[in-house]
Amino acid sequence: MILYIAIVVITVLLAFAVRVMPIYGENNLSRQQALNGLCLFSIFTILFAVSACRLNVGNDYAKYVEFMHLIASDAYDYVPTEIGFNALVTVLYDISGYENFLLVFAVFAFFTILFFLKAIYEQSDSFGFSFFLFMAFGFYFHTFNTVRYYFALALALYSIKYVLRREWGKFILLVLLGATFHKSLLVIIPLYFLATLPWKRWQLALMAVFCTTFFFLQNFYLKVVVFLYPSYADTEYLEGGVSWFNILRCAGVLVLSLLYYKQAVKDSTRNRFYFYCNLGALVLYACCSFLPIITRIGYYLNITQILFIPAIVMKIPDKRQKRFFSIAIALAAVGYFVLYLMRAGDDGIRVLPYQTFMFHDMVPILSDLN
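First, a word on what this report is: a plain description of the structure on this page. (Residues numbered from 1 in each chain as written. Predicted model: local features only at pLDDT ≥ 70, side-chain atom pairs only at ≥ 80, totals over all residues. Heavy atoms only, no water.)

1. Regarding the side chain of Ser51
With respect to the helices, strands and loops of the structure, Ser51 is situated in helix α2 (residues 31–52). With relative accessibility at 3%, the residue Ser51 sits in the buried group. When residues no more than four places from it in sequence are discounted, the contact partners of Ser51 are Ala109, Ile113, Tyr140 and Phe144. (Helix = DSSP H or I, 4+ residues; strand = E, 2+ residues; numbered from the N terminus. Buried < 20%, exposed > 50% of the residue type's maximum accessible area, 1.4 Å probe, protein only. Contact = heavy atoms within 4.5 Å.)

Next comes the structure, spelled out in structure tokens:
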């Protein structure tokens, strides 16, 4: 736990030293740009090293090692992972000459962290504030679990710039690439498109009526989930659950955005997109708690909070109000992080205790016990 706190403190301090300064054909780097590069490299190195060096940290770490072993054994009938993941494992194992699962986790860590940092740096109004929320909301530590999904989530966040530019070709190509590692990424094609629309009140009312179907057609939607995820059939994964933390967080962000809607949202295409993403996430968490994959779908929408919150705060005209909400948000985020650390060793999370291959051995996987 001390290690995780130290990582957050050090990287957040480095992040607040970063100032977004795009280079427009300049031949010489300014002092600030050099500092940006140094800080970003340091942040990436710290986060990558901690993630890549971990061993059996994460609820599904051993399960992924088992999947990789089955892929190496050509036992694809017992592997639910997508073709991109299977191909990557095959290539890395062939290059290594043995079942080098540490290298696979390291490659995922490298690209997941890279795309998260690039997305925050290129799209946030305040890199430091957005990065602080990224760490405090636990997104970095979540990447220790379900590495395929969080790689897809990083691509989703990065792809938003193409959505806002209406570069739909690049957006769809990136999504299709990411879907070869986690097919749930495909849902952002309709969801992000819907979030770009200039919704009228009567259209929102019709959508609210449609959302009522989630309450009396639950069996139908569960069948759709099983069709998309056959491996979920007759397992505990079909059990849903209300995500109160996500509901409260989405509600809080929406309340803040409504308070400063005219200043921050109304005339901003980007911020309206974030607004509708969070509204959609709130609807999903509140109405679709019976769906086992709702948290994953919701994260594709509420990941925008790390960009949206700073964008709102930066637009608050009154300095006292801006200071008040900055402090309130920071305290709430720290409180959330403390609660996360208190549960970090529980089943379903298991990012504590931290272990590294340098001092620990891998636990036996299922194939070793048979």
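Back to the write-up after that little detour.
2. Quick look at the pattern of salt bridges
Tallying each qualifying case throughout the model produces five salt bridges. Its salt-bridge partner being Asp125, residue Arg270 comes within 2.9 Å of it at the nearest N-O pair. With Arg270 in helix α16 (residues 269–287) and Asp125 in the loop between α5 (101–123) and α6 (127–136), the pair connects residues that are 145 residues apart, well separated along the chain. Residues participating in the shared-partner salt-bridge network are Lys118, Glu122 and Lys161. (Salt bridge = Lys/Arg side-chain N within 4 Å of Asp/Glu carboxyl O.)

3. Focus on the state of the cysteines
Applying the stated criterion across every chain yields a total of zero disulfides. Here Cys277 is not cross-linked by a disulfide; its sulfur's nearest cysteine counterpart is in Cys250, at 10 Å. Residue classification places Cys277 among the buried residues on the basis of a relative accessible area of 0%. (Disulfide = S-S within 2.5 Å.)

4. Quick look at the nonpolar core
Counting 122 residues, the largest nonpolar core has Phe131, Tyr192 and Ile306 as its most contacted members. The element contributing the most residues to this core is helix α8 (residues 147–164), with 14 residues. Aside from chain neighbours lying at most four places away, what touches Ile306 is Ile120, Ser130, Leu133, Phe134, Phe137, Phe139 and Leu157. (Core = buried A, V, L, I, M, F, W, Y, C linked by side-chain atoms within 4.5 Å.)

5. Regarding the layout of surface pockets
There is about 1,000 Å³ of room inside the second largest pocket. Partitioning the lining of the second largest pocket into residue classes produces 32 nonpolar, two polar and one charged. (1 Å grid on protein atoms, 1.4 Å probe; cavity = no way out; pocket = protein on both sides within 12 Å on 5 of 7 lines; lining within 4 Å. Points joined across faces, edges and corners; volume = space filled by probe spheres on them. Nonpolar A, V, L, I, M, F, W, Y, C, P; charged D, E, K, R; others polar.)

6. Observations regarding the packing of helix α14 (residues 244–259) against helix α19 (residues 319–343)
The N-to-C vectors of α14 and α19 enclose an angle of 175 degrees; their axes lie 13 Å apart at closest approach. With respect to α19, the element α14 is oriented roughly antiparallel. Facing α14, whose interface residues are Phe245, Arg249, Leu256 and Leu259, α19 presents Phe325, Ile329, Tyr336, Leu339 and Arg343. Class assignment for the residues of the contact of α14 with α19 results in seven nonpolar, no polar and two charged. (Axes fitted to C-alpha atoms, helices over the stretch in contact; angles between N-to-C directions. Parallel < 35°, antiparallel > 145°, perpendicular 65-115°, else oblique.)

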